[in-house]
Amino acid sequence: GISHVLTLALQELSLLCKRDVNGVGMLYDLLRSRWLQALLKIYECLQHYLGKRPAPVTLQARVLSREVVELLREAPQSGEIKELRRLLRSPHLKAALLSAHDTVAQKDFEPTLPPLPDNIPENEEAMRIVCLVKNNQPLGATIKRHEITGDITVARVIQGGLADRSGLLYAGDKLVEVNGVPVEGLEPEQVINIL
C-alpha cells in the first residue's frame, strides 16, 4: 500500500540526503513527519473500508418477500414450498429480520463531520477536526491550560492509549471544541467532564 511506497521513497531520499542535494532534506523531513504518517494511515484505513463495505442487494426486502410468497402460491405445492411460504409469512422474519434489513439498507451510516466554524482567524496555520470513539476506554491524553495564551492544550499523549493509537492528537495541540462544546474560557477540569 501507500505505507510501503512511502518507506521505499524514504530509503531513496536518505541516500540523496547524504549527498546534500538541494531540497531533498526538506522533502525527507516532510515525508517522515508524524502528521503525514497519520494522514496516510487514515487514508489506507478509508480505502480498506471502502473496498470491503457491503452493499445491500435490495432496499426493499419485505416487498421482495411478498412477491416470492405470491409466486410460490402459484407453484405446484410440495412440502418444501409450503415450508418456505410459511417461513416467509412468519412475523419473526417479516417484522424483525426483513424490516431491520430494509431500515439499515435505506440509511447512510457514514460519519458526518460538523461544519468548520466561521470565525477561524486568518493567521491560523492549520485546524484539524478529530473524531475519536472512546468505547468506555480513557482517551489516553492529558490536558492543561497554556501558561501564556490561556488556551486548553493537550499536555501529554500516553503511549498505547486511544489518542496515541489514532495518531491524531499530539502534545501541544490546542483544543477549540470538544463534542460540539466550545472550550474557550473553561477550566481543564470542565473540559475533562465533557470528554
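For the structure, see preceding data.
Keep in mind that this is a model prediction, so the values were computed, not measured.

Conventions we followed
- Residues numbered from 1 in each chain as written.
- Predicted model: local features only at pLDDT ≥ 70, side-chain atom pairs only at ≥ 80, totals over all residues.
- Heavy atoms only, no water.
- Pairing = 2+ DSSP bridges.
- Helix = DSSP H or I, 4+ residues; strand = E, 2+ residues; numbered from the N terminus.
- Patch = residues over 30% accessible without salt bridge, like charges linked within 9 Å, V, L, I, M, F, W, Y side chains within 5 Å.
- Areas by Shrake-Rupley, 256 points an atom, 1.4 Å probe, with all protein chains shown as cover.
- Salt bridge = Lys/Arg side-chain N within 4 Å of Asp/Glu carboxyl O.
- Lys, Arg positive; Asp, Glu negative; His and termini not counted.
- Charge placed at Lys NZ, Arg CZ, Asp CG, Glu CD.
- Buried < 20%, exposed > 50% of the residue type's maximum accessible area, 1.4 Å probe, protein only.
- Contact = heavy atoms within 4.5 Å.

Draft legend 1. Molecular detail of the pairing of strand 2 (residues 152-157). The sheet contact formed by strand 1 (residues 141-145) and strand 2 spans 5 bridges and is antiparallel. Bridging across to strand 2, A141 finds its partner in V157. In textbook terms, the turn of a hairpin is the stretch between consecutive antiparallel strands, and for strand 1 and strand 2 this stretch comprises 6 residues, one of which, G150, has a positive phi near 80 degrees.

Draft legend 2. Geometry of a positive patch on the surface. A cluster of basic side chains, namely R62, R66, R89 and K94, defines a positive patch on the protein surface. With respect to the helices and strands, the residue R62 is situated in helix 4 (residues 61-74). For R62, a relative accessible area of 34% translates into the label partly exposed.

Draft legend 3. Molecular detail of the environment of Y170. Inspection of the secondary structure assignment puts Y170 in the loop between helix 7 (162-166) and strand 3 (177-178). When near neighbours in sequence (up to four residues on either side) are disregarded, Y170 contacts R34, W35, A38, R128, V154 and V157.

Draft legend 4. Molecular detail of the side chain of T153. Take T153: it is sitting in strand 2. When its relative accessible area of 6% is taken as the criterion, T153 is described as buried. Not counting the four nearest positions on each side in its chain, T153 is found in contact with T142, I143, K144, H146, G172, D173, K174 and L175.

Draft legend 5. Molecular detail of the pattern of salt bridges. Scanning all chains against the criterion turns up 5 salt bridges. Of the charged contacts, one joins K144 and E147 as a salt bridge, the two residues approaching to 3.8 Å between their closest N and O atoms. Given the relative accessible area of 35%, K144 is considered partly exposed. Accessibility expressed as a relative area gives 64% for E147, which makes it exposed.

Draft legend 6. Structural view of the environment of K41. Relative to the assigned elements, K41 resides in helix 3 (residues 34-52). Given the relative accessible area of 41%, K41 is considered partly exposed.

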